[in-house]
Amino acid sequence: MIFTARIALAEGTALDVREGMAARAKTPPDRTTARAAFERAASSSDADAAASGLFFLGEMDEEEMRFADAVASYEGAMARLPSNRYAQRAASRSSAIKSHAEGGYAPLTRLETLRRDPRLSNDPLAIDALVRDADGFPPGPVRVEARLLAAEAYRGRLGRPEQQLALLWRVVRDPMADVIASREAAVEIVEADIAAGHLDAASQAAAELGPKLDATHRGRVTRLVHRRVAHAIALGELGLVLLLVAVAVLRGGAAKAARAAGRVLPAAVVFSAFAAIAGGLLASAYENGTATPFLLVAPGMLASIVVARAWSAVGSRALAAKVLRAALCASAVFAAALLIMERLTPQYLEGFGL
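The model shown is predicted, which means the values in this text are computed figures rather than measured ones. (Residues numbered from 1 in each chain as written. Predicted model: local features only at pLDDT ≥ 70, side-chain atom pairs only at ≥ 80, totals over all residues. Heavy atoms only, no water.)

(A) Looking closely at the overall build of the chain. Helix and strand counts for the chain come out as 17 helices and zero strands. For 354 residues, the compact-globule estimate of 2.2 N^0.38 gives 20 Å, and the C-alpha radius of gyration of the chain, at 34 Å, exceeds that figure by more than 25%. Taking the principal axes of its C-alpha atoms as reference, the chain extends roughly 115 × 45 × 35 Å. Counting only residues that meet the buried cut, the chain has 41% of its 354 residues in that class. Restricting the contact set of the chain to residue pairs at least 6 apart, pairs at least 24 apart contribute 60%. With an accessible surface of roughly 19100 Å², the chain has 64% of that area assigned to carbon and sulfur atoms. (Helix = DSSP H or I, 4+ residues; strand = E, 2+ residues; numbered from the N terminus. Rg over C-alpha atoms; globule rule 2.2 N^0.38 Å. Buried < 20%, exposed > 50% of the residue type's maximum accessible area, 1.4 Å probe, protein only. Contact = heavy atoms within 4.5 Å. Areas by Shrake-Rupley, 256 points an atom, 1.4 Å probe, with all protein chains shown as cover.)

Put into structure tokens, the structure is as follows:
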């Protein structure tokens, strides 16, 4: 009985799998012991133990960037026992590695060497070298991923957005880039242009990217373009009102305008406060509603009322002039509200398509 147990142990058993897992779990991992244990398990007559040992050998091969060996181990695990608990993961990892096999795994090894080393990932010279090497990689996902990795480094850690954009455009124009990579690059292009304040470039990019850019970001670009137009109109409207008020005050007298503004100020304060509070309470009663926009608009409303009263006191008494003043002062409230919200809470403008 003892003799039989020793033979089983020599051939490899589930105990070897557990020994290998324990060795890998150490800090630092005992890779030599782990590999020896998994190799014993892989040679076991117990199909489950053998498949498990092969799977873990595949993981170790992948960690050591021996990608061809990793594929062989993973596929060996699946062949040994398709119902093994690790078979599905083995199939997934084997497929992922084989999809990056261009150049006999040399480009993948080059990419992973940098990706797994934090020092290299933050080294501008190493990133630049990877970009140059990627130009010589065979067409395939490794070249795409190398450019995406470098673009991410240029955007964030290295602060070189122009080089980031150049790489992202190469990704979206690469016929070997899959849908996910193309869409990721498309989003990054638009976000980079927006962050840099280049809204025209973002709009042009959205048009050129076509279906590669998702509807959410396409809509964002459209809203920002509309917001820019609304911003210009709002500034122009407020500028026109202030100009006309200044002309009226010069003609009718500043003292008269100030007295009229002072008389209406208390009532204007009460009215603006009431409008802000009442509107805020009504908005808050709805799900996800908030009183913030009403509270922000209140100062603009107050200023518009005071300016309107001062203008009325020194302006023309003609009916057409009164109608024009009323229309301009009313629109000034909305113009001021837009500029205030754009500055403080731009997210609320999205509900208006801006």
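Okay, back to it.
(B) Geometry of unusual backbone geometry. Each neighbour pair has its own omega, and for Thr27 with Pro28 the value is -5 degrees, a cis peptide bond. Inspection of the secondary structure puts Pro28 in the loop between α2 (14–25) and α3 (31–42).

(C) Focus on the pattern of salt bridges. With the rule as written, the count across this model stands at 30 salt bridges. The closest approach of N and O atoms between Arg116 and Glu112, which form a salt bridge, is 3.1 Å. With relative accessibility at 38%, the residue Arg116 sits in the partly exposed group. Residues joined by salt bridges that share partners form a network here, namely Arg24, Arg31, Arg35, Glu59, Asp61, Glu63, Glu64, Arg66, Asp69 and Arg89. (Salt bridge = Lys/Arg side-chain N within 4 Å of Asp/Glu carboxyl O.)

(D) Broad picture of helix α9 (residues 124–134). Among the residues of α9, Ala126, Ile127, Asp128, Ala129, Leu130, Val131 and Ala134 are the ones counted as buried. For α9, the elements touching its buried residues are α7 (106–115), α8 (118–121), α10 (141–155) and α11 (161–172). At the N-terminal end of α9, a side-chain oxygen is found 3.0 Å from the backbone nitrogen of Leu125, two or three residues along, and the residue is Asp123. (Polar contact = N/O pair within 3.5 Å; in protein donor to acceptor, adjacent residues only side chain to side chain.)

(E) Spotlight on the packing of α11 against helix α12 (residues 179–195). Where α11 meets α12, the axes come as close as 9 Å, and the angle between the chain directions of the two elements is 150 degrees. Here α11 is positioned roughly antiparallel relative to α12, judged by the angle of their axes. Once α11 is placed against α12, the crossing between them reads as left-handed. Contacts between α11 and α12 pair Gln164, Leu165, Leu168, Trp169, Val171 and Val172 from the former with Ala181, Ser182, Ala185, Ala186, Glu188, Ile189, Ala192 and Asp193 from the latter. (Axes fitted to C-alpha atoms, helices over the stretch in contact; angles between N-to-C directions. Parallel < 35°, antiparallel > 145°, perpendicular 65-115°, else oblique. Left-handed = near helix turned anticlockwise from the far one by under 90°.)

(F) Quick peek at the packing of α7 against α9. The contact between α7 and α9 brings their axes to 11 Å, and the two run at 165 degrees. The angle between α7 and α9 falls in the class roughly antiparallel. Here the hand of the crossing between α7 and α9 comes out left-handed. When α7 is examined against α9, the residues Arg110, Leu111 and Leu114 are found in contact with a partner set consisting of Ala126, Ile127, Ala129, Leu130 and Asp133.

(G) Main features of helix α6 (residues 87–98). Between its first and last C-alpha atoms α6 spans 16 Å; for twelve residues at 1.5 Å apiece the expected length is 16 Å, and the two agree. Residues Ala87, Ala90, Ser94 and Ile97 constitute the buried set of α6. Projected onto a plane normal to the axis of α6, the buried residues spread over an arc of 95 degrees and lie on a single side. Lining the buried residues of α6 we find α4 (47–63) and α5 (67–80). (Expected span 1.5 Å × (residues − 1). Arc of directions from axis to C-beta.)

(H) Structural view of a nonpolar patch on the surface. On the surface, Leu240, Leu243 and Val247 cluster together into a nonpolar patch covering about 240 Å² of accessible area. Take Leu240: it is sitting in helix α14 (residues 215–252). (Patch = residues over 30% accessible without salt bridge, like charges linked within 9 Å, V, L, I, M, F, W, Y side chains within 5 Å.)

(I) Main features of the packing of aromatic side chains. Applying the stated criterion across every chain yields a total of six aromatic pairs. With a centroid separation of 5.1 Å and an interplanar angle of 20 degrees, the aromatic rings of Phe38 and Phe56 are classed as stacked. Of the two residues, Phe38 sits in helix α3 while Phe56 sits in helix α4, which places them 18 residues apart along the sequence. For the pair Phe38 and Phe56, one class covers both residues: buried. Centroid distance Phe67 to Tyr105: 6.0 Å. Interplanar angle 35 degrees. Geometry classified as tilted. Of this pair, Phe67 sits in helix α5 while Tyr105 sits in the loop between α6 and α7, and the two are 38 residues apart along the sequence. (Phe/Tyr/Trp six-rings, centres within 6.5 Å; stacked < 30°, edge-to-face > 60°.)

(J) Representation of the environment of Val307 within the structure. For Val307, the position within the fold is in helix α16 (residues 292–314). Taking the C-alpha atoms as reference points, Val307 and Leu242, separated by 65 residues in sequence, lie 8.7 Å from one another.

(K) Summary view of the nonpolar core. Judged by nonpolar contacts, the single largest core of 63 residues is most densely connected at Ile127, Ile189 and Leu209. Counting residues per element, this core draws most heavily on α10, which supplies nine residues. Those residues in contact with Ile189 that lie beyond four places of it in its chain are Leu165, Leu168, Trp169, Val172, Ala205 and Leu209. (Core = buried A, V, L, I, M, F, W, Y, C linked by side-chain atoms within 4.5 Å.)

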